[in-house]
Amino acid sequence: MTARRCGCTTRRDVARGHGASCTHNVGAGARNRAVVAGVATVVLLTAACGALPGSVTSVDAVTFDQELAIPPLAESEVVDGVRTFSLTAQEGTTSFAPATEPGTQTETWGFDGAHLGPTLRAERGERVAVDVANDLDEATSVHWHGMHLPPAMDGGPHQEIEPGGTWRPTWEVDQPAATLWYHPHPHGETEEHVYRGLAGMFILDDDATRAADLPSGYGVDDVPVIVQDKVFDDAGQLDLTDDGGEPGTLGGVVMANGTVGAYHEVTTERVRLRLLNGSTARTYTFGFPDRSFDLVASDGGLLEAPLELDQVRLAPGERAEIVVTMAAGETTRLASTETDLGSVAVPFAMGGDDAFDVLELRAADELTPSPEPAWEPSQHADGDALDAADATVTRTFELDERRINGERMDPGRIDEVATVGDTEIWEVRSTVPMPHSFHVHDVQFRVLSIDGGPPPEELAGRKDTVYLEPRRTYRLLMRFEDYTDGTVPYMYHCHMLRHEDEGMMGQFVVVEPGSDATPGPLQGAAGHATH
Ligand code: C2O
Ligand code: CU
């Protein structure tokens, strides 16, 4: 990390030539407007800055002097036993200083505000409803990523909300406590809607997790950290042009909850970070230069026990709850180091060589004691466990550049039909040397094996999204418990959102046993027309 600082604060400084006199390594390789051009820039900058080959990063170094924004907790009202939220998708402007010139207002989209959205929070067993309004000039949708709920409430491309329209999904929270999130899912437009700022967290609570002695003061020692990367044009506006990068756009500005160069004041001995990779394309490897941390939960909730790690890789869509221990007066930084993407072609063009800091943690001179996180595994896992011996169906999914099993997404076609009550194994494989992040709606799955071997421990918990290293077979175990509907499908797709928008998505329905539903055209398929 230490060799990665310099006085240049923005990519534009480098472009203007300020980079020539610095000792820094801000390159443009991974941003890859073209790989060849990137190589040339990298070589030039490396020469100019005297940095070591291989230490190139395309992410700008910034000063960490902005207080981390904490998304507000969404208000809710319990009406007739239903916890009711409201969310409005709208346009606004946001300052991203120091990534943009002071005073610059960047046009963004947000829920109930200019950028990102409030944190929704509900309890296992509770019935919830969300009054969603669309104040944008185009159709959008709101998908509850990681939530187990009926397909008509899922917020995918079949539940789009027209401009000026509203939508009121309602469901019962019926899954363990977890860090979930919400974001638009309109057909072919998901990347742009998320990139403009439409995303938020949805935290679920339950008794088992409350008993686990985890830090739980929202925004104090239990902190949402939505990590996203952006590209700004010279006017300080979000650059929406397709840069042709294979994984999608990799931004040179990385932000946490929309704050560039963020710090958070820590007042307790332990702090829990709910990390969400809300980026459209970039995969991160999070850790600290000077300490390990405990991974306590993955996408779908608590692990069997806290797992001490030095780093955790998160692909787009994945979450990790980590607990970091600090001493009074200390400062450290959550960073993303070089990422092992598996055997991808040209790793640096996929962001694999990028290393940068994300969030500074500043411990106060006196810290309130925090208990050590601990829980009885059975308390959490009872009733939620999956057993591979129960699996009766195996399906295979082969991903290439933009297709799954040779097909691109067609909102009018059902690709897979699952029977309610069945436990299934999905064998998922990327057949090309490109990064993909595989996400399944409706369920939390377990990664049984990777190429026949046990998955790394950090993938042992409940998951809804998993990074696919190229040319390796991931066996995922899942059960379709309820919510049959022969006509409204759930999605499975790559969570690199440009891949998804370009067709790397399929649809499945869950039906009653003995139902004669067969894959094929869907009656009255909705979905916004592609342009
Ligand atoms: Cu996070 Cu189908 O999405
Ligand atoms: Cu992909």
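The coordinates are above.
A brief look at the structure comes next. Bear in mind that the values here come from a model prediction, so they are computed numbers and not experimental data. (Residues numbered from 1 in each chain as written. Chains lettered and ligands numbered in written order. Predicted model: local features only at pLDDT ≥ 70, side-chain atom pairs only at ≥ 80, totals over all residues. Heavy atoms only, no water.)

So, the sheet that holds strand β26 (residues 416-419)
Sheet architecture is open: five strands sit in the order β26-β33-β32-β28-β30, paired in mixed fashion. Across the chains shown, the open sheet's two edge strands, defined by having one partner strand only, are β26 and β30 (465-468). Pairs of neighbouring strands in the sheet enclose a mean axial angle of 30°, with direction left out of account. In terms of strand pairing, β26 meets strand β33 (residues 505-511) through four bridges, oriented parallel. Paired with T419 across the strands is V511, a residue of β33. (Pairing = 2+ DSSP bridges. Helix = DSSP H or I, 4+ residues; strand = E, 2+ residues; numbered from the N terminus. Axes fitted to C-alpha atoms, helices over the stretch in contact; angles between N-to-C directions.)

Here we look at the packing of aromatic side chains
Here the structure, examined in full by the defined rule, presents 20 aromatic pairs. Between the aromatic rings of F438 and Y492, the centroid separation amounts to 6.3 Å while the plane-to-plane angle is 45°, which identifies the pairing as tilted. One end of the pair, F438, is in strand β28 (residues 436-440); the other, Y492, is in strand β32 (residues 485-494), and 54 residues separate them in sequence. Given the relative accessible area of 0%, F438 is considered buried. Among the residues examined, Y492 registers a relative accessible area of 2% and is labelled buried. Site record: aromatic cluster; members linked through ring pairs are F397, W426, F438, F480, Y490, Y492 and F508. The positively charged end of K230 is found above the aromatic ring belonging to Y195, 4.7 Å away from the centroid. The residue whose ring lies beneath R362 is Y263, and the NZ or CZ to ring-centre distance is 3.7 Å. (Phe/Tyr/Trp six-rings, centres within 6.5 Å; stacked < 30°, edge-to-face > 60°. Buried < 20%, exposed > 50% of the residue type's maximum accessible area, 1.4 Å probe, protein only. Lys NZ or Arg CZ within 6 Å of the ring centre and 35° of its normal.)

Focus on the sheet that holds strand β19 (residues 301-309)
Read from one edge of the open sheet, seven strands run β14-β13-β12-β16-β21-β18-β19, paired in mixed fashion. In this open sheet, the two edge strands, each paired with only one partner strand, are β14 (259-260) and β19. Summarising the sheet, strand β12 (residues 222-230) and strand β16 (residues 270-277) pair through six bridges and their orientation is parallel. Bridge pairing in β16 places D222 opposite R272.

Some remarks on the coordination of the copper ion (ligand 2)
In the first shell of the copper ion (ligand 2), the protein supplies H436 (ND1), C494 (SG) and H499 (ND1), at 2.0 to 2.1 Å from the metal. Between consecutive donors of the copper ion (ligand 2), the numbers of intervening residues give the motif H-x57-C-x4-H. Judged on exposure class, the residue C494 and its partner H499 are both buried. (Donors = N, O, S within 2.8 Å, 3.2 Å for Na, K, Ca; no water.)

Re the pattern of salt bridges
Here the structure, examined in full by the defined rule, presents 36 salt bridges. For D243, the salt bridge is made with R498, and the minimal N-O distance between the two is 3.6 Å. Note that D243 is positioned in the loop between β12 and β13 (253-256) and R498 in helix α6 (residues 497-501), a separation of 255 residues in sequence. Here D243 falls in the buried class, since its relative accessible area comes to 6%. Classification of R498 by relative accessible area gives buried; the value is 5%. We note a salt bridge from R395 to E416, for which the minimum N-O separation is 3.0 Å. (Salt bridge = Lys/Arg side-chain N within 4 Å of Asp/Glu carboxyl O.)

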